[in-house]
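Summary of structural features
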Amino acid sequence: MGARETALNALIACRKSGAWSNGVLKEYVIRDRLDSRDAALAARLCYGVLQNRNKLDFYLKQLLTGKMKDLHPVVHDILHLGLYQLYEMDKIPESAAVNESVDLAKKYCKKQRFAPGLVNGVLRNAVKTKGSLKEPASLEDRYSHPWELIKLLRDYVGKDRIEMMLKANNEAPSTTVQVNTLKISARQLQEQLEGEGVQAEPHGWMKDCLVLKDTGDLEKLGSFREGLFYVQDPAAKLSVLCAQLPEKELRILDCCAAPGGKSFAAAMETGGKACITSCDVHEHKVGLIRKGADRLGLENHTARLQDATVFVPEWEDAFDAVIADVPCSGYGIIRKKPDIRYKKPADMAGLPELQLQILKNQARYVKKGGVLIYSTCTLVRPENEGVVEAFLSENEEFCLEPLPLPEVFPKNETGMLALVPGEYDTDGFFIARLRRKQ
């Protein structure tokens with residue numbers, strides 16, 4: 001089985017069962033035994049189609065002689081794959097894009113006997129008319145985001161930044177890794193990675209962070225197996241840096257920790273001296289945290305199964321710092337999970353209530369004088385500022401504090417920060433720093 005067929009299977013699973021593309025694609029790559037090159041192509045095709053679905057349909061309407069609503073769903077998926085290769089990829093031979101798509105139609109659309117001919121005709125027409133079709137004018141078609149979501153995000157990020165964000169959502173994110181400074185320096189890791197054939201450069205503004213290219217399968221690198229780095233977006237690490245954790249024997253709680261990046265960052269920031277407890281509500285995710293901590297060689301670290309909404313009496317007033325990176329709508333990580341854009345905003349309506357419940361519960365664990373970090377990877381006010389303001393209205397013991405940010409950012413006085421994709425080459429992220437008064 002090749003990369004195109006794996007990508008098609010992933011797209012079918014996303015459409016039929018609402019599967020998340022990153023999870024199902026990883027499963028299918030292993031199932032189909034793809035090598036690293038084909039795995040990368042399958043990912044590019046699957047994510048590329050999801051990122052450009054409206055745009056591809058805009059072209060498809062001009063190429064079809066019939067009506068698009070009459071297309072069989074799998075034929076539609078195959079045409080999306082073919083068009084994406086022809087219009088959005090430079091190194092795929094046109095003949096391969098057409099012929100492989102026809103072969104997929106023969107295999108997957110046996111009951112639609114006209115399907116192979118239809119796919120062949122449409123894609124050959126696409127080759128002939130390449131560069132001459134009308135281009136999409138609306139943001140909805142140009143960047144393949146539902147209009148309902150565009151309006152929602154525009155209300156938060158503003159008219160002047162919305163197109164920048166939509167464009168960034170369709171670009172491949174950089175591979176950024178954080179250095180395990182308990183074992184190695186950033187410079188030493190850069191040299192080791194380059195010796196393994198990986199191009200590594202220091203990040204523009206995040207300390208002990210490298211941007212990688214030509215990585216292949218990261219988990220096969222010796223430096224990865226030795227626990228010299230972990231993968232984490234700069235925005236997520238920034239939320240931990242905003243806690244300003246000193247190198248002391250602190251007690252730190254990360255209440256929604258999986259896959260563990262913030263806990264790991266806290267360990268690095270405290271020089272391995274802090275006692276860190278990482279929690280998650282799912283057993284398999286707790287296992288992932290433990291596995292990551294063991295690989296990095298972290299001591300004084302515990303991962304446990306714990307619902308963040310359920311009070312643990314022995315933790316009351318016990319932690320110097322609590323990190324609450326709560327479940328959210330995920331609108332800040334669309335560039336990594338492109339199918340998030342197609343989820344209904346109405347389905348996210350109950351999140352602020354859950355987020356506030358978690359924040360109120362976690363606040364009970366913070367010592368007097370301790371710090372509470374609230375963060376999300378979304379970009380809508382009800383889940384961000386709205387939750388913080390609702391919390392503060394009920395908890396006079398806490399107050400917002402200015403965020404200590406790298407020099408690349410404007411000075412912060414509000415204690416809250418929203419990172420918008422396209423501005424600082426990060427995920428979309430929200431950070432608030434709260435202090436429990438003495």
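Residues numbered from 1 in each chain as written. Predicted model: local features only at pLDDT ≥ 70, side-chain atom pairs only at ≥ 80, totals over all residues. Heavy atoms only, no water.

Details of the overall build of the protein
Helix and strand content of the protein: 17 helices and 12 strands. Taking 22 Å as the expected radius of gyration for a compact globule of 438 residues, we find that the protein reaches 24 Å, a close match to that expectation. Across its three principal directions, the C-alpha atoms of the protein cover 75 × 50 × 40 Å. For the protein, buried positions account for 54% of its 438 residues. If you take every contact in the protein between residues at least 6 apart in sequence, the share linking residues at least 24 apart comes to 73%. Put simply, the protein shows about 20,200 Å² of open surface, and 48% of that area lies on carbon and sulfur atoms. Side-chain charges of the protein comprise 61 positive and 60 negative groups, with the mean position of each set lying 5 Å from the other. (Helix = DSSP H or I, 4+ residues; strand = E, 2+ residues; numbered from the N terminus. Rg over C-alpha atoms; globule rule 2.2 N^0.38 Å. Buried < 20%, exposed > 50% of the residue type's maximum accessible area, 1.4 Å probe, protein only. Contact = heavy atoms within 4.5 Å. Areas by Shrake-Rupley, 256 points an atom, 1.4 Å probe, with all protein chains shown as cover. Lys, Arg positive; Asp, Glu negative; His and termini not counted. Charge placed at Lys NZ, Arg CZ, Asp CG, Glu CD.)

Section: the pairing of strand E7 (residues 301-305)
By the bridge criterion, 5 bridges tie strand E6 (residues 275-280) to E7 in an arrangement that is parallel. Each bridged residue has a counterpart across the sheet, and for serine 278 the counterpart in E7 is alanine 303. (Pairing = 2+ DSSP bridges.)

Some words on unusual backbone geometry
Note that the residue after alanine 258, namely proline 259, is joined by a cis bond; omega there is 0 degrees. One can find proline 259 in the loop between strand E5 (251-254) and helix H14 (261-269). With a phi angle near 50 degrees, glutamine 244 is a residue other than glycine that sits in the positive phi range. Inspection of the secondary structure puts glutamine 244 in the loop between helix H13 (234-241) and E5. With a phi angle near 60 degrees, aspartate 317 is a residue other than glycine that sits in the positive phi range. Mapped onto the fold, aspartate 317 is located in the loop between E7 and strand E8 (319-325).

What to know about the layout of surface pockets
Of the pockets and cavities examined, the second largest pocket occupies roughly 310 Å³. Secondary-structure elements contributing two or more residues to the lining of the second largest pocket are helix H1 (3-17), helix H3 (36-51) and helix H5 (73-88). Looking at the lining of the second largest pocket residue by residue, the classes come out as 9 nonpolar, 3 polar and 5 charged. (1 Å grid on protein atoms, 1.4 Å probe; cavity = no way out; pocket = protein on both sides within 12 Å on 5 of 7 lines; lining within 4 Å. Points joined across faces, edges and corners; volume = space filled by probe spheres on them. Nonpolar A, V, L, I, M, F, W, Y, C, P; charged D, E, K, R; others polar.)

Side note on the pattern of salt bridges
Evaluated as defined, the whole model comprises 25 salt bridges. Taken together, the shared-partner salt bridges connect Asp233, Arg335, Lys336, Asp425 and Asp427 into one network. (Salt bridge = Lys/Arg side-chain N within 4 Å of Asp/Glu carboxyl O.)

A closer look at the sheet that holds strand E2 (residues 199-202)
With respect to topology, 4 strands assemble into an open sheet ordered E2-E3-E1-E4, the strand pairing being antiparallel. Bordering the open sheet on either side are E2 and strand E4 (229-231), each of which pairs with just one other strand. Each strand axis lies, on average, 35 degrees off the axis of its neighbour in the sheet, ignoring direction. With 4 bridges connecting them, strand E1 (residues 175-179) and strand E3 (residues 209-213) associate as antiparallel partners. Bridging across to E3, threonine 176 finds its partner in valine 211. (Axes fitted to C-alpha atoms, helices over the stretch in contact; angles between N-to-C directions.)

Things to note about the packing of aromatic side chains
Applying the stated criterion across every chain, the model contains 11 aromatic pairs. Between the aromatic rings of tryptophan 315 and phenylalanine 319, the centroid separation amounts to 5.7 Å while the plane-to-plane angle is 90 degrees, which identifies the pairing as edge-to-face. Tryptophan 315 sits in the buried class, given a relative accessible area of 7%. Every member of this aromatic cluster is reached through a ring pair, and the members are Phe311, Trp315, Phe319 and Tyr365. Positioned above the aromatic ring of tyrosine 342 is the side chain of arginine 53, whose terminal nitrogen or guanidinium carbon lies 3.7 Å from the ring centre. Here the basic side chain of lysine 343 rests over the ring of tryptophan 20, its NZ or CZ set 4.4 Å away from the ring centre. (Phe/Tyr/Trp six-rings, centres within 6.5 Å; stacked < 30°, edge-to-face > 60°. Lys NZ or Arg CZ within 6 Å of the ring centre and 35° of its normal.)

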